[in-house]
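These are the residues of each chain, in order.
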Amino acid sequence: MLPRGRPRALGAAALLLLLLLLGFLLFGGDLGCERREPGGREGAPGCFPGPLMPRVPPDGRPRRAAALDGDPGAGPGDHNRSDCGPQPPPPPKCEPQVSWIPNKHYSGLYGLMKLVLPSALPAELARVIVLDTDVTFASDILELWALFAHFSDTQAIGLVENQSDWYLGNLWKNHRPWPALGRGFNTGVILLRLDRLRQADWEQMWKLTARRELLSLPATSLADQDIFNAVIKEHPGLVQRLPCVWNVQLSDHTLAERCYSEASDLKVIHWNSPKKLRVKNKHVEFFRNFYLTFLEYDGNLLRRELFVCPSQPPPGAEQLQQALAQLDEEDPCFEFRQQQLTVHRVHVTFLPHEPPPPRPHDVTLVAQLSMDRLQMLEALCRHWPGPMSLALYLTDAEAQQFLHFVEASPVLAARQDVAYHVVYREGPLYPVNQLRNVALAQALTPYVFLSDIDFLPAYSLYDYLRASIEQLGLGSRRKAALVVPAFETLRYRFSFPHSKVELLALLDAGTLYTFRYHEWPRGHAPTDYARWREAQAPYRVQWAADYEPYVVVPRDCPRYDPRFVGFGWNKVAHIVELDAQEYELLVLPEAFTIHLPHAPSLDISRFRSSPTYRDCLQALKDEFHQDLSRHHGAAALKYLPALQQPQSPARG
């Protein structure tokens, strides 16, 4: 009989350890592999730090690489600074400790890193759970942590027995495994008493054992697992045997059925075959569906537990809870207020990304999108050869669909200079400006082109923008926003113009229009399209009410106002802020971008049909002007008439 179980989040301790291993071992951080003195205070039995979940503050900047709930360093940041770019990794510290060991395992050098944890992790850290990244939890990790209480005074390593005949040496002729106690142990799930290993001089113990065995064996086959087993063979008192359900191993030669056929519940599934989900065994379909079910979970349900160990709340958490508690659910604008206060989970750089080389006038295209605009990505990559920073608003299940979408696309898979940042969906309204801020904060070039995903830029725009920035002497000498004139087509299939001459021909033929000419011409009227037709050089335009052009600005420009969620005034407010900070608005004579048709979003449909929605937007505009007056004084009076105009179907 197959056991019952339900996939769960890894939990606080496991996630903490994965962050330590991936963040410190791969990227340095504060971890050092120098020898540390044993000692330090133990944590309370059965407790570990509170939940660590990536989050994004309202200004869109995850602190460090990504802010974490429970991270005492994740404090509030300056609203108008861009100080959160991924930092280059420092020189590696731990590799020399294990690089001398010949290893045939597919994980390579990092498959040996568990050996250095007692010396690499902080001396005050007494116990850790160490997990391979190919495990799926089917139980609360607190139950695993509680097994530390079963250790004797001498035991320091908790492991599940290996569920194959690998260490018995009878899988094939001339098979020579490393020495092990009986069937040996699998190191995909480990409980480590770091304090006891330090006291036992673990570093000397495993190095002496490894050097001795390598005199007769050519290399490790299973990386750290071989060396752990050789040490345990020599020092059996170190190991505490864990119940088999805490590491159900689905290897190519698995005997795990002996465990799970008699178990009442699963705890941890370990995909320890190099084939992972494609491994062949009797019940693999059950376990594969188990794993896929976990991917479909709403991560927000796994984010907040009623019963957790006491932990220090992150900075600002108490004020946030107070603000949420003060909201009136009977307020017609309750959804708007609640969405503004929502702290989203954010996965910065969701896919592998190579930062662009430093160039003084380089430009990153910044945009945001949801699942229904995913089809725009390939066309955008063909039009914009430069770096991009894109924020995607997705559910957990959609994030997996997006991953498969990119992997299946030769165009997207080839672009390592596109950084994707997943903001996980929560709440009824689209947090458009928070998404823009996430993408903007992660841009690495000196300048950014603030666009929308349903626009395709001119094929030559990337090179033209860089040349224009240099020629105009932007930067410290001149504070300006370069306006890229926007056009639109109502046709789903049309021949994209390769030059301004071709665009004007399409405009005259009625195939193209100036953007929102039929619905909201005032949104782009100050661009002065009649002048642009004849322009040979950049020209300056003045701000006017409801102006919302697409602009190129320095990376440290003002952030978007996160209070504007859903539809309406989200870009307009940003242009107001740029004008209030005295940015010149310069229209580029050879630049253009074209909007492609698509079905209206849910938010714009609600805006058009609901007077209450429009009233709430007006309330947000009033609050925006109050804040503008506090920051800019009497100069903000200039914008008051624009804020008091009646609502209309503006683009936003």
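Please read all numbers here as calculations on a predicted model, not as lab measurements. (Residues numbered from 1 in each chain as written. Predicted model: local features only at pLDDT ≥ 70, side-chain atom pairs only at ≥ 80, totals over all residues. Heavy atoms only, no water.)

Colleague: For this particular structure, what's the right way to read unusual backbone geometry?
Modeller: Trans peptide bonds make up the majority, and among non-glycine residues the majority have a negative phi. The phi dihedral of Asn 174 is positive, around 65 degrees, even though this residue is not glycine. Tracing the chain through its elements places Asn 174 in the loop between strand E5 (157–161) and strand E6 (185–193). In this model, Glu 582 sits at a positive phi of 65 degrees, which is unusual for a non-glycine residue. Examined against the element boundaries, Glu 582 turns out to sit in the loop between helix H19 (570–580) and strand E21 (584–587). Take Glu 582: its relative accessible area is 65%, and that puts it in the exposed class. (Helix = DSSP H or I, 4+ residues; strand = E, 2+ residues; numbered from the N terminus. Buried < 20%, exposed > 50% of the residue type's maximum accessible area, 1.4 Å probe, protein only.)

Colleague: What should I look at first to understand the sheet that holds strand E11 (residues 363–370) in this one?
Modeller: Think of a sheet as strands paired side by side through backbone hydrogen bonds, with each pair either parallel or antiparallel. Sheet architecture is open: nine strands sit in the order E10-E13-E12-E11-E14-E20-E16-E21-E19, paired in mixed fashion. Edge strands, defined here as strands with exactly one partner in the open sheet, are strand E10 (346–347) and strand E19 (539–541). By the bridge criterion, four bridges tie E11 to strand E14 (residues 447–450) in an arrangement that is parallel. Bridging across to E14, Val 363 finds its partner in Tyr 447. Along the sheet, helix H13 (residues 396–407) contacts strand E12 (388–394) and strand E13 (418–424); its crossing angle with E12, the most-contacted strand, is approximately 135 degrees. (Pairing = 2+ DSSP bridges. Contact = heavy atoms within 4.5 Å. Axes fitted to C-alpha atoms, helices over the stretch in contact; angles between N-to-C directions.)

Colleague: What am I meant to see in the environment of Asp 265 here?
Modeller: Following the sequence through the fold, Asp 265 ends up in the loop between helix H8 (257–260) and strand E9 (268–270). Distance in space between the C-alpha atoms of Asp 265 and Ser 139 is 8.7 Å, their sequence separation being 126 residues.

Colleague: Even after reading the chapter, I still don't get the pattern of salt bridges, so can you show me in this structure?
Modeller: Pairs can form between side chains of opposite charge once their charged atoms are near each other. For the coordinates displayed, the defined rule picks out 32 salt bridges. Note that Glu 143 is salt-bridged to Lys 267, the shortest N-O span being 2.7 Å. Residue Glu 143 is located in helix H4 (residues 141–145), and its partner Lys 267 is located in the loop between H8 and E9; the two are separated by 124 residues in the primary sequence. With relative accessibility at 14%, the residue Lys 267 sits in the buried group. (Salt bridge = Lys/Arg side-chain N within 4 Å of Asp/Glu carboxyl O.)

Colleague: Would you mind going over helix H7 (residues 224–234) with me for this structure?
Modeller: Given 3.6 residues to a turn, an α-helix orients residues that are three or four positions apart in the same direction. Of all 11 residues in H7, nine are buried, a share of seventy percent or more. Looking only at H7, the buried set comprises Asp 224, Gln 225, Asp 226, Ile 227, Phe 228, Asn 229, Ala 230, Val 231 and Ile 232. Elements that come into contact with the buried residues of H7 comprise E5, E6, helix H6 (202–213) and strand E7 (239–241).

Colleague: Honestly, the pairing of strand E20 (residues 550–554) in this entry has me stumped. Any pointers?
Modeller: Here is the key point about a regular strand: its side chains alternate between the two faces of the sheet. Buried residues dominate E20, accounting for five of its five residues. As paired strands, E14 and E20 are joined by four bridges and run antiparallel to one another. Within E20, the residue paired with Phe 449 across the bridge is Val 552. With three bridges joining them, strand E16 (residues 480–484) and E20 adopt antiparallel strand pairing.

Colleague: Explanation requested: the packing of H19 against helix H21 (residues 611–632) in the structure shown.
Modeller: The geometry of H19 relative to H21 is characterised by a closest axis approach of 12 Å and an angle of 15 degrees between their N-to-C directions. For the element pair H19 / H21, the angle class is roughly parallel. The chirality of how H19 crosses H21 is right-handed. For the pair H19 and H21, the contacting residues are Ala 573, Val 576, Glu 577 and Ala 580 in the first and Phe 624, Leu 628 and His 632 in the second. (Parallel < 35°, antiparallel > 145°, perpendicular 65-115°, else oblique. Left-handed = near helix turned anticlockwise from the far one by under 90°.)

Colleague: In this structure, what is going on with the state of the cysteines? I would like to understand it.
Modeller: What makes a disulfide is a covalent bond joining the sulfur atoms belonging to two cysteines. Tallied over the entire structure, the rule returns two disulfides. For Cys 333, the disulfide goes to Cys 616, at an S-S distance of 2.1 Å. Sign of the S-S torsion, about -100 degrees for the bond between Cys 333 and Cys 616, identifies this disulfide as left-handed. Highlighted residues: Cys 333 in the loop between helix H10 (317–325) and helix H11 (334–341) and Cys 616 in helix H21, separated in sequence by 283 residues. When sorted by exposure, Cys 333 lands in the same class as Cys 616, which is buried. (Disulfide = S-S within 2.5 Å.)

Colleague: Is there a simple way to explain the pairing of E16 in this structure?
Modeller: Taking burial as the measure, the five residues of E16 include five buried ones, the bulk of the element. Here E16 shows a buried face lined by Ala 480, Leu 482 and Val 484 and a second buried face lined by Ala 481 and Val 483. Judged from the four bridges that link them, E16 and E21 form a sheet pairing that is parallel. Looking across to E21, one finds that Ala 480 is bridged to Glu 584.

Colleague: Teacher, can you tell me more about the environment of Ser 164 here?
Modeller: Note that Ser 164 resides in the loop between E5 and E6. Residues Ser 164 and Gly 184, spaced 20 residues apart in sequence, show a C-alpha to C-alpha distance of 9.1 Å. Dropping the residues within four chain positions of it, Ser 164 is found in contact with Arg 183, Ser 251, His 253 and Leu 255. Within polar-contact distance, the side chain of Ser 164 engages the backbone nitrogen of Trp 166 at 3.2 Å. (Polar contact = N/O pair within 3.5 Å; in protein donor to acceptor, adjacent residues only side chain to side chain.)

Colleague: I tried to follow the sheet that holds E9 on my own but got confused; where do I start?
Modeller: Read across the sheet, three strands follow the order E4-E9-E8 without closing on themselves; strand pairing throughout is mixed. Strand pairing shows two members of the sheet lacking a second neighbour, strand E4 (135–137) and strand E8 (248–249), which therefore form its edges. Judged from the two bridges that link them, E8 and E9 form a sheet pairing that is parallel. Bridging across to E9, Val 248 finds its partner in Ile 269.

Colleague: I'm lost on the packing of aromatic side chains in this one. Help?
Modeller: What characterises a pair of aromatic rings is the spacing of the ring centres plus the angle enclosed by the ring planes. A complete count under the given rule lists 26 aromatic pairs for this structure. Note on Phe 455 and Tyr 550: the rings are 4.6 Å apart at their centroids and 50 degrees apart in plane angle, and the pair reads as tilted. In this pair, Phe 455 sits in strand E15 (residues 455–457) while Tyr 550 sits in strand E20, placing the two residues 95 residues apart along the sequence. Each member of the pair Phe 455 and Tyr 550 is classed as buried. Aromatic rings pair up to connect Tyr 260, Phe 286, Phe 287 and Phe 290 into one cluster. (Phe/Tyr/Trp six-rings, centres within 6.5 Å; stacked < 30°, edge-to-face > 60°.)

Colleague: Which parts of the structure should I look at to understand the confidence of the model for the chain?
Modeller: For residues with low pLDDT, the predicted coordinates do not support detailed interpretation. Model confidence for the chain is summarised by a mean pLDDT of 83, while 82% of its residues fall at 70 or above. In this model, residues 1–31 is a region of pLDDT below 50 whose contacts with residues beyond four sequence positions or in other chains number 91 contacts. Across residues 34–92, where pLDDT falls below 50, the model places 153 contacts with residues more than four positions away in sequence or in other chains. (pLDDT = per-residue confidence, 0-100.)

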